[in-house]
Amino acid sequence: MKKKMMALVLASTMAASLAACGGGGGQTAETTAAAAGGTETTAAAAADGAETEAAQPAGDGSGLVYWSMWEATEPQGQAIQAAVDKFTEDTGISVDLQFKGRTGIREGLQPALDAGTAIDLFDEDIDRVNTTWGSYLMDLEDLAKAVDYEATANAGLIAACREVGGGTLKSIPYQPNVFAFFYNQTIFDEAGITKAPATWEELDAACAKIKEAGYTPITCDDAYITCMFGYHMSRLVGEPKTEEIVKGGQWDDPAVMATAEAYADFASKGYFSDTIASNVWPAGQNQELAMGTAAMYLNGSWLPNEVKDMAGDDFVWGCFSYPAVEGGTDGVDAANYGAQVLAINKDSKNAENAFKLICYITQGEFDQMLSELSIGIPADSNNSEWPALISCVKPVMESMKTRYPWAAGAEANADMTPIIKENFLKLSGGSIDAQGFVDALKKAGN
């Protein structure tokens, strides 16, 4: 049954472009980190749906209503549909599965919930679900304990869900991801680098060897450059302090200048792409990393899937956590890691059945199917075999102890995000120095 179902799903997705957790053209960095790309359901369609469904009572017991962030044609949607079909076949419980797309669910879910629309469960990014929609969530602690859910769950991700849920489990993770440096192992081998860098000094030495071998050591772009700023700051002073600095405009803090000087030094040594200051996503990953001219790129575990067709079958991936810095607060066991999550509407009358469906999606056969189809990380610890393309991510993911939010605090002040982005791109491109970067932030904050 499993092989037959897998074959059918694989066949049905052959014509669709596979999208990993960060795909899709023209997305912002936050959007890229939160979810995979694909055609988005329009906000207008979501609003129409909310109006149509608002008259229905929430969770009337006759079946389940499930709003998903995916499109039906995406690999994630295909795997979820297969899980739902098997759930209904096994239990006799009908499921109204509605694929809303990213825009549809982000703009339509809250109005629909406020209108009393019948929605038993929904999914989206861990931070959006628990923060933006936190007031709509049901406490899942008792439901999880009743089936010993945590026996095979990823302990770190469950802990992350409790952390963002205010100390209570209000969501269940699936399709995990981690943000780290991804690199071309062939370039590392040619340059004589035998060990992935664990410190900033080791990264400096590796970049020098890569440049000597005739390659660009590091590329980036407008979508991810704030992550480089946030990660270095957080390595120095920790993520909470980084957020405090960014939110409060504390640009005189020594960590800001230290971060700027570290990147100015790398820029002066020619370690960054010549086009880094003007790279618009996905130029860095598509035209440089995938094409074999650049060696490293700070990105998410969705990256290998995004560029696999361009990179080719002979591309060998490597992965390492952002290096530690001398005298810093955080080490290589800290990163932005998370997942999409499933949550149950606090007003649902079908909570037990909804949680049962969550188990179908996030455990066993269908968790493995989702991993294989989307080339993603399995959520069930029993599914120990990861897709070969991302096997390099496993030791990094399993080493994580401290969770950063997106961009490691660099985007904690929305008003400053474009200023940091613009000027860190200039800094990395060499058109301004460390003092110029700090001065630009101070000027914008006044």
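Residues numbered from 1 in each chain as written. Predicted model: local features only at pLDDT ≥ 70, side-chain atom pairs only at ≥ 80, totals over all residues. Heavy atoms only, no water.

Draft legend 1. Molecular detail of the overall build of the protein. The helix and strand inventory of the protein stands at 20 helices and 10 strands. The 446 residues of the protein split such that 57% are buried. Counting only contacts in the protein whose residues sit at least 6 apart along the sequence, the fraction spanning at least 24 positions is 76%. With an accessible surface of roughly 16,900 Å², the protein has 50% of that area assigned to carbon and sulfur atoms. (Helix = DSSP H or I, 4+ residues; strand = E, 2+ residues; numbered from the N terminus. Buried < 20%, exposed > 50% of the residue type's maximum accessible area, 1.4 Å probe, protein only. Contact = heavy atoms within 4.5 Å. Areas by Shrake-Rupley, 256 points an atom, 1.4 Å probe, with all protein chains shown as cover.)

Draft legend 2. Spotlight on helix 10 (residues 200-212). Given a rise of 1.5 Å per residue, 13 residues ought to cover 18 Å, and the 18 Å separating the end C-alpha atoms of helix 10 matches this to within 8%. For helix 10, every residue scored as buried is listed here: W200, L203, D204, A206, C207 and I210. Looking straight down helix 10, one finds that the buried residues subtend no more than 165° of arc, so they occupy a single side. Trailing helix 10 by a residue or two, G214 shows a phi angle of about 100°, which is positive. (Expected span 1.5 Å × (residues − 1). Arc of directions from axis to C-beta.)

Draft legend 3. Spatial organisation of unusual backbone geometry. Residues W281 and P282 are joined by a peptide bond in cis, for which omega reads 10°. With a phi close to 50°, I375 is a non-glycine residue in the positive phi region. Within the element layout of this structure, I375 appears in the loop between helix 17 (364-374) and helix 18 (394-398). At A408, a residue that is not glycine, the phi angle is positive and equals roughly 55°.

Draft legend 4. Structural view of the confidence of the model for the protein. Mean pLDDT over the protein: 88, with 86% of residues reaching 70 or higher. Between residues 1-60, whose pLDDT stays under 50, and residues either more than four places distant or in other chains, the model counts 142 contacts. (pLDDT = per-residue confidence, 0-100.)

Draft legend 5. Representation of the packing of aromatic side chains within the structure. Under the definition given, this model contains 27 aromatic pairs. Plain terms: the ring middles of Y149 and F355 are 5.8 Å apart, the flat faces sit at 70° to each other, and that makes the pair edge-to-face. Placement of Y149 in the loop between helix 7 (141-146) and helix 8 (155-164) and of F355 in helix 16 (residues 351-362) is noted, with a sequence separation of 206 residues between them. Owing to a relative accessible area of 2%, F355 belongs among the buried residues under this scheme. Across the ring face of W67, the terminal group of K100 is positioned such that the distance to the ring centre comes to 4.1 Å. (Phe/Tyr/Trp six-rings, centres within 6.5 Å; stacked < 30°, edge-to-face > 60°. Lys NZ or Arg CZ within 6 Å of the ring centre and 35° of its normal.)

Draft legend 6. The arrangement of the nonpolar core in detail. Residues Y224, M228 and M296 are the most contacted members of the largest nonpolar core, which totals 83 residues. The dominant element in this core, judged by the number of residues it contributes, is helix 11 (residues 225-237), at seven residues. Sequence-distant contacts of M296, that is, excluding residues within four places in its chain, are made with F181, F182, Y183, F188, L203, C207, I210, P217, I218, T219, L289 and F320. With 57 residues, the next largest nonpolar core counts L109, I119, A153 and I358 among its residues. (Core = buried A, V, L, I, M, F, W, Y, C linked by side-chain atoms within 4.5 Å.)

Draft legend 7. Region of the structure containing the pattern of salt bridges. For the coordinates displayed, the defined rule picks out 16 salt bridges. The partner of K247 in a salt bridge is E243, and the shortest N-O contact between them spans 3.3 Å. Here K247 and its partner E243 are both found in helix 12 (residues 239-248), four residues apart, which amounts to about one turn of the helix. Relative accessible area serves as the criterion here: at 52%, K247 is assigned to the exposed category. In this structure, the salt-bridge partner of D265 is K269, at a minimum N-O distance of 3.1 Å. In this structure, a network of salt bridges that share partners links the residues R106, E124 and R128. (Salt bridge = Lys/Arg side-chain N within 4 Å of Asp/Glu carboxyl O.)

Draft legend 8. Structural context of the side chain of N299. Checked against the element boundaries, N299 lands in strand 6 (residues 294-300). A residue is classified by how much of its surface remains accessible, and N299, at 0% relative accessible area, is buried. Separated by 3.3 Å, the side chains of N299 and Y297 make a polar contact. Leave out the neighbours within four places in its chain, and N299 touches V178, F179, A180, F182, Y224 and Q285. (Polar contact = N/O pair within 3.5 Å; in protein donor to acceptor, adjacent residues only side chain to side chain.)

Draft legend 9. The packing of helix 10 against helix 13 (residues 254-268), seen in detail. Two numbers describe how helix 10 lies on helix 13: the axes approach to 11 Å, and their chain directions differ by 15°. Taken together, the axes of helix 10 and helix 13 are roughly parallel relative to one another. Here the hand of the crossing between helix 10 and helix 13 comes out right-handed. Between helix 10 and helix 13, the contacting residues are W200, L203, D204 and C207 on the first element and A262, Y263, D265 and F266 on the second. Along the lines of polarity and charge, the residues of the contact of helix 10 with helix 13 split into six nonpolar, no polar and two charged. (Axes fitted to C-alpha atoms, helices over the stretch in contact; angles between N-to-C directions. Parallel < 35°, antiparallel > 145°, perpendicular 65-115°, else oblique. Left-handed = near helix turned anticlockwise from the far one by under 90°. Nonpolar A, V, L, I, M, F, W, Y, C, P; charged D, E, K, R; others polar.)

Draft legend 10. Focus on the state of the cysteines. Enumeration over the complete set of coordinates arrives at zero disulfides. Unpaired in terms of disulfides, C392 finds its nearest cysteine sulfur in C319, a separation of 5.2 Å. (Disulfide = S-S within 2.5 Å.)

Draft legend 11. Representation of helix 15 (residues 303-311) in the model. Among the residues of helix 15, L303, P304, N305, E306, V307 and A311 are the ones counted as buried. Those residues of helix 15 that are buried lie in contact with strand 4 (172-184), helix 14 (283-289), strand 6, strand 7 (317-320) and helix 17. After helix 15 finishes, the residue G312 shows a positive phi value of roughly 90°.

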